[in-house]
Structures are given as structure tokens and as C-alpha cells.
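# Fold and contact review
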Amino acid sequence: MSRYEREYGPWDDLDRDEATERAYAIGVAEKLGEYNREELEAVYEAVETSYDRSMVELAYREGRREATAVAEEVDDGAAVWADLVEGETIVVDPGDAPTGGRDGLPEALDPTELLDRQDVDSTGSLDLPDFLEK
């Protein structure tokens, strides 16, 4: 049984946050030599929109990148997994070591309000600008 399978186990349905978390862990596990392409494909298929799929892809790549960076500092796969996925802190030289992991995904993966739709009943766009009102 792989580290990923022990940590996460089976699932039936995933939301975007759960999918990105799992994709991140799959990326870390892959850099540690545990390949699980079937699970990654299943996670991609679990999210509904192309935006969500791109978030899953970014999380997967970030997991691989951070695992590579930490593995350069620490020569122990279990410690890399514990630091990045389980959230246990390992002591490394503070140089360029990533601070991400399950609870610290990069800000690029945070939800954004830019894509939220405006309230349908909003009439604010029809109001006069402030500088025209007295």
C-alpha cells in the first residue's frame, strides 16, 4: 500500500478543494517514486469544470515541484511526505525550502472573486457615478 493510499483512502465524490489536495499529494508521491496515474486521472474526472481541472493540474505540479525542492535538502522520503502532506515540520536549511503542503497550498490555488458572477438583481451598474451626484 502506498503512502497516498494510507493517507487518503477511497472516495466516491470530490469537491475542488479535496481534488486539489489529493492531486498535490499524488504529485509529492510521484516524486518519491510512487506512481499513481489512474488515481490522478480519476481525480481529474471528479471535478466538473475546466477551471477546476486546471486547479487540480496546478496542485499536482506544485506537489512535484515542492517534493523535488525538499528532497534536495532531506534525503528521506518519509520525512518529505510527512512535511509536505501530513503537515509535520522537518528542520531544513531555511534557504529556498518550500513552506507549502496540505494546509499551505500556494496562493495561486486559493479561490478568487474575479470569476464570481454579479448578483442578478443588482442594479448598481445602472447608478450614476459618485462624481456626477451632488
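Just so it is clear, the structure is predicted and the values come from calculations on it, not from any experiment.

## Topic: the overall build of the chain
Across its full length, the chain carries five helices and zero strands. The order of helices and strands in the chain, counted from the N terminus, is α-α-α-α-α. Buried positions account for 36% of the 134 residues belonging to the chain.

## Side note on the environment of Val 43
Within the element layout of this structure, Val 43 appears in helix H3 (residues 37-46). Counting along the chain gives 29 residues from Val 43 to Leu 14, while the straight-line C-alpha distance between them is 7.7 Å. With sequence-adjacent residues up to four places away left out, Val 43 is seen in contact with Trp 11, Leu 14, Ala 19, Arg 22, Ile 26 and Val 56.

## Focus: the nonpolar core
Counting residues in hydrophobic clusters, the biggest one holds 26 residues, and the most contacted among them are Val 28, Val 56, Trp 81, Leu 84 and Val 85. Among the secondary structure elements, those contributing two or more residues to this core are helix H1 (3-8), helix H2 (16-31), H3, helix H4 (50-73) and helix H5 (77-86). Ranked by residue count, the leading element in this core is H2, at seven residues. Those residues within four positions of Val 28 in sequence are excluded, and the remaining contacts are Gly 63, Arg 64, Ala 67, Trp 81, Leu 84 and Val 85.

## Quick notes on the pattern of salt bridges
Overall, the coordinates contain seven salt bridges when judged by the stated rule. Here Arg 3 and Glu 34 are joined by a salt bridge, their closest N and O atoms 3.3 Å apart. Of the two residues, Arg 3 is situated in helix H1 and Glu 34 in the loop between H2 and H3; the sequence distance between them amounts to 31 residues. Measuring nitrogen to oxygen at the nearest pair gives 3.3 Å for the salt bridge that ties Arg 16 to Asp 52.

## Comments concerning H5
Taken across its 10 residues, H5 has seven buried, putting it largely inside the fold. Listed in full, the buried residues belonging to H5 are Ala 79, Val 80, Trp 81, Ala 82, Asp 83, Leu 84 and Val 85. Immediately beyond the C-terminal end of H5, within one or two residues, lies Gly 87, with a positive phi of roughly 85 degrees.

## A look at the confidence of the model for the chain
Low pLDDT marks stretches whose predicted atomic positions should not be read closely. Predicted confidence across the chain gives a mean pLDDT of 79, with 75% of residues reaching 70 or more. Ignoring residues within four places in sequence, the model shows residues 90-94, a span with pLDDT below 50, making eight contacts including any to other chains.

## Details of the side chain of Glu 39
Assignment of secondary structure puts Glu 39 in helix H3. At 2.6 Å, the side chain of Glu 39 and the side chain of Trp 11 are in polar contact. Setting aside residues no more than four positions away along its own chain, Glu 39 makes contact with Tyr 4, Trp 11, Arg 22 and Ile 26.

## Considerations on the packing of H3 against H4
Where H3 meets H4, the closest approach of the two axes is 9 Å, and the angle between their N-to-C directions is 150 degrees. In this structure, H3 contributes Arg 37, Leu 40, Val 43 and Tyr 44 to the contact, and H4 contributes Arg 53, Val 56, Glu 57 and Tyr 60. Taken together, the residues of the contact of H3 with H4 sort by class into five nonpolar, no polar and three charged.

## As for a negative patch on the surface
Where like charges cluster on the molecular surface, the negative patch consists of Asp 12, Asp 13, Asp 15, Asp 17, Glu 18 and Glu 48. Position of Glu 48 relative to the elements: it lies in the loop between H3 and H4.

Conventions adopted
Along every chain, residues carry numbers that run from 1 in the direction the sequence is written. This being a predicted model, a pLDDT of at least 70 is required before a residue's local features are given, and a value of 80 or more before pairs of side-chain atoms are given or counted; all residues contribute to the totals for chains, interfaces and linings. With hydrogens and water set aside, each side-chain value is computed from the structure's full complement of heavy atoms. To qualify as a helix, a DSSP run of H or I must reach at least 4 residues; to qualify as a strand, a run of E must reach at least 2; elements of each kind are numbered from the N terminus. Burial classification: accessible surface area is computed with a 1.4 Å probe over protein chains only, and a residue below 20% of its type maximum counts as buried, one above 50% as exposed, and the rest as partly exposed. Residue contacts are defined here by distance: any two heavy atoms, one from each residue, within 4.5 Å place the two residues in contact. By nonpolar core is meant a set of buried Ala, Val, Leu, Ile, Met, Phe, Trp, Tyr and Cys residues that side-chain atoms within 4.5 Å join together. Definition used for salt bridges: Asp or Glu carboxyl oxygen within 4 Å of a side-chain nitrogen of Lys or Arg. The predictor attaches a confidence to each residue, and that confidence, scored 0 to 100, is pLDDT. Pairs of N or O atoms within 3.5 Å make up the polar contacts considered here, provided that, within protein, one atom can donate a hydrogen while the other can accept it, and that residues adjacent in sequence are counted only when both atoms are side-chain atoms. For every element, the axis is a line fit to its C-alpha atoms; helices are fit only across the contacting stretch, and the angle between N-to-C directions ranges from 0 to 180 degrees. In this count, Pro and Cys sit with the nonpolar residues alongside Ala, Val, Leu, Ile, Met, Phe, Trp and Tyr, while Asp, Glu, Lys and Arg are called charged and the others, Gly among them, polar. By definition, no residue in a patch forms a salt bridge, and every one has over 30% relative accessible area; like charges are joined within 9 Å, nonpolar side chains (Val, Leu, Ile, Met, Phe, Trp, Tyr) within 5 Å. Computed by Shrake-Rupley with a 1.4 Å probe, the accessible areas treat only the displayed protein chains as cover when residues are assessed. By the counting rule applied here, Lys and Arg register as positive and Asp and Glu as negative, while His and the ends of each chain are not counted. For the purpose of locating charges, the reference atoms are NZ of Lys, CZ of Arg, CG of Asp and CD of Glu.

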